[in-house]
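# Fold and contact review
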Amino acid sequence: MAYVFENCANLWVMTEVIVLNKAAIERAVSVLANSNNTVVVTGAGISTEAGIPDFRGEKGIYRTLGEDRVMQIINIDAFRRQPEVFWEFYRKYFDFPPVEPSHAHKMLARMEQKGRVSAVVTQNIDGLHDKAGSKKVIAVHGTADRFVCTGSRCRACYESEYVRDYPQTVPRCSECGSTLKPDVVLFGEPIQNYMDARQQIMDARVLVVIGSSLTVYPLAGFVKEFSTFYQDMIIINKGPTAMDHAALVKIEVEKSTGEILEEIDRQLDRFK
Ligand SMILES: [Zn+2]
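Residues numbered from 1 in each chain as written. Predicted model: local features only at pLDDT ≥ 70, side-chain atom pairs only at ≥ 80, totals over all residues.

### So, the overall build of the protein chain
On a plain count of helices and strands, the protein chain comes out with 13 helices and 9 strands. For 272 residues, the compact-globule estimate of 2.2 N^0.38 gives 19 Å, and the protein chain sits close to it at 20 Å. Projected onto the principal axes, the alpha-carbon positions of the protein chain cover approximately 55 × 55 × 35 Å. For the protein chain, the residues scored as buried account for 37% of the 272 residues in total. Expressed as a percentage of contacts within the protein chain between residues at least 6 apart in sequence, the contacts between residues at least 24 apart total 66%. (Helix = DSSP H or I, 4+ residues; strand = E, 2+ residues; numbered from the N terminus. Rg over C-alpha atoms; globule rule 2.2 N^0.38 Å. Buried ≥ 20, exposed ≤ 12 C-beta atoms within 10 Å, placed from the backbone. Contact = placed C-beta atoms within 7 Å.)

Here it is, written out as structure tokens:
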């Protein structure tokens with residue numbers, strides 16, 4: 001009896017979420033059904049649903065330690081000048097236990113498989129889109145579970161285990177002895193795949209922004225540029241974003257982004 005009751009309660013919550021966004025979801029579905037090139041932009045919001053803390057969120061290190069301090073250390077100059085300080089800080093605050101992709105990550109991979117998503121451009125460094133099975137992923141801030149040798153002729157790559165098990169604070173390349181650097185974009189470094197990311201976004205027929213408040217540049221700039229020329233932008237986010245006014249559809253996330261994507265995908269099946 002208890003089981004049935006609990007099940008009903010869950011169903012009720014899910015239905016409530018869908019009902020609240022019913023009109024917005026239907027609008028999004030009709031826009032997506034006519035798109036032959038849908039590009040998705042994702043930010044921290046999609047990964048908090050997988051258990052990854054949002055650096056810029058309320059309890060994130062940008063708030064607790066202060067953005068200035070983080071920027072002073074997670075900085076390419078600081079990395080070059082004082083690798084010990086950098087690595088001590090990085091190991092303390094950026095070394096997360098491995099997590100599994102959220103339902104939303106998995107839904108995006110499924111929608112790509114069905115030909116409904118052409119590419120994902122992400123600000124996240126957790127590698128969860130790849131882990132969920134998405135094939136075309138442009139990670140503009142790099143990937144935290146990969147480490148590169150800074151030796152100018154070497155460029156060897158290492159996985160997390162090597163760095164985690166390294167006996168000293170500053171991990172070094174086993175080939176040439178140079179310092180290793182996380183393959184993430186530090187302050188003072190250009191973003192990765194700049195041209196590719198911008199091109200994907202500008203070529204999109206429909207742009208879907210998920211879990212980003214659209215305040216981190218240059219990606220927010222690409223989205224702004226897209227919205228200046230085209231109107232077909234859908235925003236799925238918990239809370240307001242800097243570009244809600246420019247979106248054709250805004251879907252407010254009450255509980256789960258994955259649930260909303262699942263509903264959109266289910267309704268798209270009818271358009272086949
Ligand atoms: Zn090396």
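### Observations concerning the packing of helix 11 (residues 194-203) against helix 12 (residues 219-229)
It is the contact of helix 11 with helix 12, at a shortest axis distance of 9 Å, that shows an interaxial angle of 25°. By the angle between their directions, the pair helix 11 and helix 12 is classed as roughly parallel. Helix-helix and strand crossings are classified by hand; for helix 11 and helix 12 the assignment is right-handed. Contacts from Ala197, Arg198, Ile201 and Met202 in helix 11 reach Leu219, Phe222, Val223, Glu225 and Phe226 in helix 12. (Axes fitted to C-alpha atoms, helices over the stretch in contact; angles between N-to-C directions. Parallel < 35°, antiparallel > 145°, perpendicular 65-115°, else oblique. Left-handed = near helix turned anticlockwise from the far one by under 90°.)

### Side note on the pairing of strand 7 (residues 206-210)
The buried count for strand 7 comes to 5 of 5 residues, which makes it a mostly enclosed element. With burial as the criterion, each face of strand 7 is covered, one bearing Val206, Val208 and Ile210 and the other bearing Leu207 and Val209. Across 5 bridges, the pairing between strand 1 (residues 38-42) and strand 7 is parallel. The residue bridging Thr38 from the neighbouring strand is Val206, located in strand 7. In this fold, strand 7 hands off to helix 12, which returns the chain to strand 8 (residues 233-237); that crossover is right-handed. (Pairing = 2+ DSSP bridges. Right-handed = clockwise from strand over helix to strand, strands pointing away.)

### Here we look at the sheet that holds strand 5 (residues 157-159)
With antiparallel pairing, the 3 strands of this open sheet are ordered in space as 5-4-6. Every other strand in the sheet has two partners, leaving strand 5 and strand 6 (180-184) as the edge strands with one partner each. Across the sheet, the mean angle from the axis of one strand to that of its neighbour is 40°, orientation sign disregarded.

### Regarding the pairing of strand 6
Sheet faces and side chains relate simply in a regular strand, where the side chains alternate between the two faces. Across the 5 residues of strand 6, 4 count as buried, placing the element largely inside the fold. Note that strand 4 (residues 142-149) and strand 6 share 4 bridges and pair antiparallel. From the neighbouring strand, Phe147 faces strand 6, where its bridge partner is Pro182.

### Let's talk about the confidence of the model for the protein chain
Averaged over the protein chain, the pLDDT score is 88; the fraction of residues at 70 or greater is 90%. For the protein chain, per-element mean pLDDT is lowest for helix 1 (residues 2-20), which scores 46, and highest for helix 8 (residues 103-113), which scores 98. This stretch, residues 1-16, has a pLDDT under 50; its non-local contacts, to residues over four places away or in other chains, come to 2 contacts. (pLDDT = per-residue confidence, 0-100.)

### Let's talk about the sheet that holds strand 8
Here we have 6 strands laid out as an open sheet, ordered 3-2-1-7-8-9, and parallel in their pairing. Bordering the open sheet on either side are strand 3 (137-139) and strand 9 (249-252), each of which pairs with just one other strand. If you compare each strand with its neighbour and ignore which way they point, the axes differ by 15° on average. Each of strand 1, strand 7, strand 8 and strand 9 touches helix 2 (residues 22-33); the most contacted strand, strand 9, lies at about 135° to it. In this fold helix 11 packs onto strand 1, strand 2 (119-122), strand 3 and strand 7, with an angle of close to 125° to the strand it touches most, strand 2.

### A word on the nonpolar core
Ranked by size, the top nonpolar core spans 61 residues in total, and within it Leu108, Val121, Ile201, Leu207, Val209, Val223 and Ile234 carry the most contacts. If sequence neighbours within four positions are ignored, Ile201 has contacts with Val39, Val41, Val121, Leu207, Phe222, Val223 and Phe226. (Core = buried A, V, L, I, M, F, W, Y, C linked by C-beta atoms within 7 Å.)

### Focus on helix 7 (residues 83-93)
Within helix 7 the residues assigned to the buried category are Phe86, Trp87 and Tyr90. Along the axis of helix 7, the buried positions cluster into a sector of 90°, meaning they face one direction only. Residues Glu84 and Lys92 are exposed on helix 7 and point more than 90 degrees away from its buried face. (Arc of directions from axis to C-beta.)

### Here we look at the packing of helix 8 against helix 13 (residues 257-269)
For the pair helix 8 and helix 13, the least separation of the axes is 7 Å and the interaxial angle reads 25°. Looking at the two axes, helix 8 sits roughly parallel to helix 13. In this structure, helix 8 meets helix 13 at a crossing whose hand is left-handed. Residue-level inspection shows His103, Ala104, Met107, Leu108, Arg110 and Met111 of helix 8 in contact with helix 13, the latter providing Thr257, Gly258, Leu261, Glu262 and Asp265.

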